[in-house]
Amino acid sequence: MGWFTHDEPEEVVFEEVVDTDGQIWPAFTDDDGVLWIDVDYDVEVTINGAIVDGQIRGAEVDEHGRIWIDYD
């Protein structure tokens, strides 16, 4: 689940995010919409995309850890 950047947030299913280096990471969000990178080790990355329905969409993570996906 993630949030679209529209007036009313809508659920969107994604399983991977893309960092600024182009690396793809498995990911998910919790019930509060907070993004988690799904690996067995600590990692800190800057997200600028999410893969939705096989397409890379622009995305960013806010100061609360929630992912916002550009779906224009």
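Placed above this text is the structure.
Attention shifts here to the layout of surface pockets. Empty space within the largest pocket amounts to approximately 260 Å³. Around the largest pocket sit Val 34, Leu 35, Trp 36, Ile 37, Val 39, Tyr 41, Asp 42, Val 43, Glu 44, Val 45, Val 61 and Gly 65, which together line it. At 3 residues, strand S4 (residues 35-37) tops the list of elements feeding residues into the lining of the largest pocket. Tallied by class, the residues present in the lining of the largest pocket amount to 9 nonpolar, 1 polar and 2 charged.

Turning our attention to the pairing of strand S5 (residues 47-52). Burial of S5 is extensive: 5 of the 6 residues sit out of reach of the surface. In terms of strand pairing, S5 meets strand S6 (residues 55-61) through 4 bridges, oriented antiparallel. Among the inter-strand pairings, Ile 51 is bridged to a residue of S6, identified as Ile 56. In sequence, S5 turns back onto S6 through a hairpin of 2 residues, with Asp 53 there showing a positive phi of about 50°.

The next subject is the pattern of salt bridges. Applying the stated criterion across every chain, the model contains 1 salt bridge. In this structure, Asp 62 and Arg 66 form a salt bridge, with 2.9 Å as the shortest nitrogen-oxygen distance. Overall, the relative accessible area of 28% leaves Arg 66 in the partly exposed class.

The rules behind the values
Residue numbers run consecutively from 1 along every chain, following the written order of its sequence. Reporting in this predicted model follows two pLDDT cut-offs: at least 70 for local features of residues, and 80 or more for side-chain atom pairs to be given and counted; totals over whole chains, interfaces and linings ignore these cut-offs and use all residues. Based on all heavy atoms of the structure, the side-chain values leave hydrogens and waters out of the count. Only protein atoms enter the 1 Å grid used here, on which a cavity is any set of points holding a 1.4 Å probe that cannot leave and a pocket is any open set flanked by protein within 12 Å on both sides along at least five of seven lines; residues with an atom within 4 Å of a point are listed as lining. Grid points are joined across faces, edges and corners, and a volume is the space filled by probe spheres set on the points. What counts as a helix is a DSSP run of H or I of at least four residues, what counts as a strand is a run of E of at least two, and both are numbered from the N terminus. Residue polarity is assigned by list, with Asp, Glu, Lys and Arg as charged and Ala, Val, Leu, Ile, Met, Phe, Trp, Tyr, Cys and Pro as nonpolar; anything else, Gly included, falls into the polar class. Each residue gets one of three labels from its accessible area relative to the maximum for its type: buried under 20%, exposed over 50%, partly exposed in between, using a 1.4 Å probe on protein chains only. For two strands to be treated as a pair, DSSP must find no fewer than two bridges joining them. Basic side-chain nitrogens of Lys or Arg form a salt bridge, by our definition, when they fall within 4 Å of a carboxyl oxygen of Asp or Glu.

None of the figures reported here should be taken as evidence of function without further support.
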